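# Notes for the structure review
What follows is each chain in one-letter form.
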Amino acid sequence: MYGTIRTTAYEPDPEYGPLLEPLYVMRLGEDLHTALTGLHERTRRRSEGPSRLPIRQLNSLLRAMAPGVVATARNADAVSDATWLYGREPVPAGVVGPLVGTWAAGLLRGRQDDGTEADDTTDPELEDRLLEGLDATVANLPAWETEQIDFTETSVSPGGTAEPARRLYSLLPEWVAHRLAARPLRALGPEIRFRVVSRENGVELVSWPPQSCEHKKRTWYYSALITITVHTVPFVQSFRVHVSTSIRRWATHLEVQPGQLRGMTVLLDAPLPWPDSPGRAPRLVENALAFDRGRGRLAWRRHSAAILLPDLDIVRRYPEPMDLFSAPEKWLKGRDGIAAGMVYSPVLGPHSVAAGVMPKERSLLDAWVEEGLRPMLRRVPDLTRVTRKNTPSLLIRSAAAGQAEGREAALALSRRSALARVLNGAPLDVDLRWQNAETKEALLAELPALVGLSPGRPVEGAADTWRWQADGIDIRVRTRPAGSLAAALKVPGDARRPVALRLADAIDDRCVLTAEHIDRPEGALGLSILEIAGKEGFSTVPGSDPKHALRIACARQGRLSQFIALPQEMEDTLVHRARWTWLDAFRQLGAISPPAHRVGAGIPGDLQYVALWLVRYTRKGPTRCPARRLVAVRVCPGENAVQGWDPDRAEWVPYPRLLQSLAVGARAAEEVDARPDRNKSGYGTGARSDHHWQQEAERQIRMLLYQLRDRPTLFLADAGNLRQCWPRLRNGALMKDMLGFGDGPNQRLAVYGPDLRVILVRNGNGRDEVPEWYAHDGKGKVGFTKGVWGPTDPDHRVFGSTADVPHTATRPRGLMKLVPTEFGRSAPRKTAWNPGCLELTVLGCLSEKALADAGRGTEPPDQPAEWATLAHQLRFHDDYPPLARPLPLHLARLAGEYVLPLAAR
């Protein structure tokens, strides 16, 4: 068992002092800002609302084609005197000017950065005058200025959290990436070089040219991928640079049609077009393409610089989207000095190179990064184990036949008891709709096995109905073919109506059909299990997947719903999938509770767990209707109860009732305008409505907290999820043992309950907010391990929770993909499953100060490490592999699957 883990995170080294570097900066300037804004106003679609200057595409072009430009500032278009460009040297006006002119001319010709055409009302004479005025402005670009940039510029919040200067979130990753890209990687064997890719959130390093491996008589391509981002940690007074590593796969064998591509990334490697240029910039240019239904073909999407490169460089031939789709491998290898790589995603078909890197390879890449960042940045100190109580009271797994059977019998008894508690004397009425007889048989066999009952048999006189009765449970399963219930939705094709309204009509039709075939359960808990194709089976017609419609329809019939996918060819996992279908159905019924913890006497015996989750959909959500809904779940271990909060009735209700009410009562976040051009944005509600929603959400949260005052409570919240409606959960706004809402002052935790504790959990949140990690023994051995980790400071409030790799995902820890070693040519085909580190912040507990402020100074204070250990143990359950979040949060998040708002008609 490892005693130390190492995170791939770095911080400014105090011994080095401020990281100062002189850079050249250019501001957008009043004249250029006015000229570009006027041009944009003449070319943008009149149906659009007020918008800012769309210079993201121009910034991408400048970073790619202007050697010496280090970075472009975010939001420089909002204020004319804001810094726009950062450079190592003053880039000549003969380079910047043509780039700005090419972009502006593209706007005038209607080549918008989202691929749409401008209005036809533009006057040609006015175009000429605009271009002439722009040429004069570009000829007198703002001058470059020198500025001493402090790459460690930081303030500290009142709560003790570092807050780096806003520009460092984009500028510092660029600086780090260019510094690393200047050094080849030799630690893995053959030399590997990297190119820089600028992203909205951080910067990537991609090894270039790609590597290859042979499999199934085909060549598959991949690269090393390093992502660099800047983040903060609650109550830590230095910011962090997170460096994550993985594999980027390139798509060269496409098993889809152009019409199925909704969006894919293309990285372009193009030479600089300037005379006497150094050849190539150290960057790859990020672009995006998708099928444009209006034009009936593949097209470059929003902000793609590839739209403009043919106008800038008329000598070379740049790829059109259909060229890339038809010959991706040829363009990846390069044509006439230009190369383009289509980034792989699973919708394109299978790929023989598997995802992820194993800890040994990650440690070698990490050592190369550490060497490249010295002496300005230092590695964050390793974390040590804070407890050896890594798991709750779980049943011991054993390979011995007798012990394995005993364990399974004990689990079956536990599940049967949980079902009896949930049913409370009522029958469980299951309507099973199947398409394959094998699936039906597997489901009927797994149900009694999971709850420790004898194999069932059909009820006499009803060959399609099975029944089990024992120990207070009564389960009836009626099996019938799925028929038209599992067919694709038929969404009306009237393009004059918004898709949300048309989809709502199709869902209503499926609800009518469901009501004709599935009865309401009378005096019983109702559950429907439906065998249905996976989402790939409905990918050819957008919106035709009926799962969400069936979930709404079943809820209207008073039933929960669970789906099982159609079996695939050569599949041998049917029994496993049937087992998980029933386990998830038990979870929906609320027949689940956390195992007894092993933290110690510091945890109150009557403690309850409450978790809060924000369900948030934009117009791209499952019903194409925006929604925002808070879901609260309460778990009372001593009472074996799982409940959900009903805000309308202001009371706790059984978890199954919560799920049904979410599906039946889900409301859209706004009305859907019947005019198609009024429903293009994500929410469209405006800043005022967003502020109103935030106030309403915080009111609901305060009301919920007041309901918890009667007993000791551990309140669990996902910071990355909830700060969208509760901004005071932002790291810089946190204060120990305090809660804040809106613009009001922070309040002591005791205001919301004398025995309330609050833990914030955070994962990568799609932005690498929590760093990657690997365990090591200090002697060269690396791997993974489970546990709770923290620094040696006893007053520390932030901990890491890690889980070991599931037994189904084990791989040799020394697996090397970038340079295959003793594992030979097959190494790139091995999936490297990497367990994430879950950050646990003990925001509020009964610390010495909190107890003293509450007049309870004689009571023993809480130990933050114990409460972090409790949250960590809530990730473990006998029926599941380690959960991504503590069980109450897991239940709250999955309840969001029932939030399915329909557009009002």
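Description of the structure in this document. (Residues numbered from 1 in each chain as written. Predicted model: local features only at pLDDT ≥ 70, side-chain atom pairs only at ≥ 80, totals over all residues. Heavy atoms only, no water.)

## Here we look at the side chain of Arg 797
Definition in use: Secondary structure elements follow DSSP: runs of H or I of four or more residues count as helices, runs of E of two or more count as strands, with numbering from the N terminus. Three labels apply to residues, based on accessible area from a 1.4 Å probe with only protein chains included: buried if under 20% of the type maximum, exposed if over 50%, partly exposed otherwise in between. Any two residues whose heavy atoms approach within 4.5 Å are treated as being in contact.
Relative to the assigned elements, Arg 797 resides in the loop between β36 (787–790) and β37 (798–802). Judged by relative accessible area, which is 6%, Arg 797 ranks as buried. Once you skip the residues sitting within four places of it in the chain, Arg 797 turns out to touch Phe 235, Lys 736, Asp 737, Leu 840, Thr 841, Val 842, Leu 843, Gly 844, Cys 845, Ser 847 and Pro 864.

## A closer look at the sheet that holds strand β6 (residues 145–150)
The cut-off we apply is this: For two strands to pair, DSSP has to find at least two bridges joining them. Lines fitted to C-alpha atoms define the axes, with helix axes restricted to the stretch in contact, and inter-axis angles between N-to-C directions lie between 0 and 180 degrees.
Strand order in the open sheet made by the 4 strands is β4-β5-β3-β6, with antiparallel pairing throughout. Edge positions in the sheet fall to β4 (69–72) and β6, since each has one partner strand and no second. Pairs of neighbouring strands in the sheet enclose a mean axial angle of 40°, with direction left out of account. As judged from the 3 bridges shared by β4 and strand β5 (residues 83–87), these two strands associate in the antiparallel manner. Within the sheet, the bridge partner assigned to Thr 72 lies in β5 and is Leu 85. Here helix α5 (residues 168–181) sits on the sheet in contact with β3 (20–27), β4, β5 and β6, set at roughly 155° to β4.

## Considerations on the packing of α5 against helix α9 (residues 359–373)
We apply this condition: In this scheme, roughly parallel covers angles under 35 degrees and roughly antiparallel covers those over 145, while 65 to 115 is roughly perpendicular and the rest are oblique. Charged means Asp, Glu, Lys or Arg here, nonpolar means Ala, Val, Leu, Ile, Met, Phe, Trp, Tyr, Cys or Pro, and polar covers whatever is left, Gly included.
It is at 10 Å that the axes of α5 and α9 come closest, and there the two elements cross at 105°. For the element pair α5 / α9, the angle class is roughly perpendicular. Counting all contacts with α5, which are made through Val 176, Arg 179 and Leu 180, the residues of α9 involved are Trp 368, Val 369, Gly 372 and Leu 373. The class makeup of the residues in the contact of α5 with α9 is 5 nonpolar, 1 polar and 1 charged.

## Overview of the side chain of Ser 223
Structurally, Ser 223 can be placed in strand β12 (residues 218–231). When neighbours within four sequence positions are excluded, Ser 223 is seen to be in contact with Val 206, Ser 207, Pro 210, Ser 246, Ile 247, Arg 248, Trp 250 and Leu 818.

## Focus on the sheet that holds strand β23 (residues 473–481)
An order of β21-β22-β23-β20-β24-β25 is seen for the 6 strands of this open sheet, with the pairing classed as mixed. Strand pairing shows two members of the sheet lacking a second neighbour, β21 (458–459) and β25 (559–565), which therefore form its edges. Relative to β23, strand β22 (residues 462–470) runs antiparallel, the two being bridged by 6 bridges. Note on β23: the bridge partner recorded for Arg 467 is Arg 476. Across the face of the sheet, helix α11 (residues 437–451) comes into contact with β20 (428–434), β22, β23, β24 (525–532) and β25 while running at roughly 175° to β23.

## Notes on the pattern of salt bridges
Two side chains that carry opposite charge are able to pair once their charged atoms sit near each other. Applied cut-off: We define a salt bridge as a side-chain nitrogen of Lys or Arg found within 4 Å of a carboxyl oxygen belonging to Asp or Glu.
Under the counting rule described, the total for this entry stands at 56 salt bridges. For Glu 145, the salt bridge goes to Arg 27, with nearest N and O atoms at 3.6 Å. Remark: Arg 27 occurs in strand β3 and Glu 145 occurs in strand β6; sequence separation between them is 118 residues. Arg 27 gets classed as partly exposed once you look at its relative accessible area, which sits at 26%. Between Asp 431 and Arg 433 there is a salt bridge, with the nearest N and O atoms lying 2.7 Å from each other. In the salt-bridge network here, residues are joined through shared partners; they are Arg 723, Arg 762, Arg 767, Glu 769 and Glu 839.

## Comments concerning unusual backbone geometry
In the segment running from Trp 208 into Pro 209, the intervening peptide bond is cis, with an omega of 5°. Mapped onto the secondary structure, Pro 209 falls in the loop between β10 (203–207) and β11 (211–215). Cis geometry is adopted by the peptide bond preceding Pro 375, which originates at Arg 374 and carries an omega value of -5°. Relative to the helices and strands, Pro 375 is located in the loop between α9 and β18 (377–379). Positive phi outside glycine occurs at Asp 336, with the angle close to 50°. Among the secondary structure elements, Asp 336 is positioned in the loop between α8 (328–333) and β17 (339–342). Since its relative accessible area comes to 71%, Asp 336 is described here as exposed. A positive phi angle, close to 50°, is found at Asp 471, a residue other than glycine. Here Asp 471 lies in the loop between β22 and β23.

## Here we look at helix α19 (residues 864–873)
Most of α19 sits inside the fold, with 8 of its 10 residues counted as buried. Every buried residue of α19 is accounted for by Pro 864, Trp 867, Ala 868, Thr 869, Leu 870, Ala 871, His 872 and Gln 873. Where α19 is buried, its residues meet β26 (608–617), β30 (713–718), β33 (756–762), β36, β37 and β38 (837–844).

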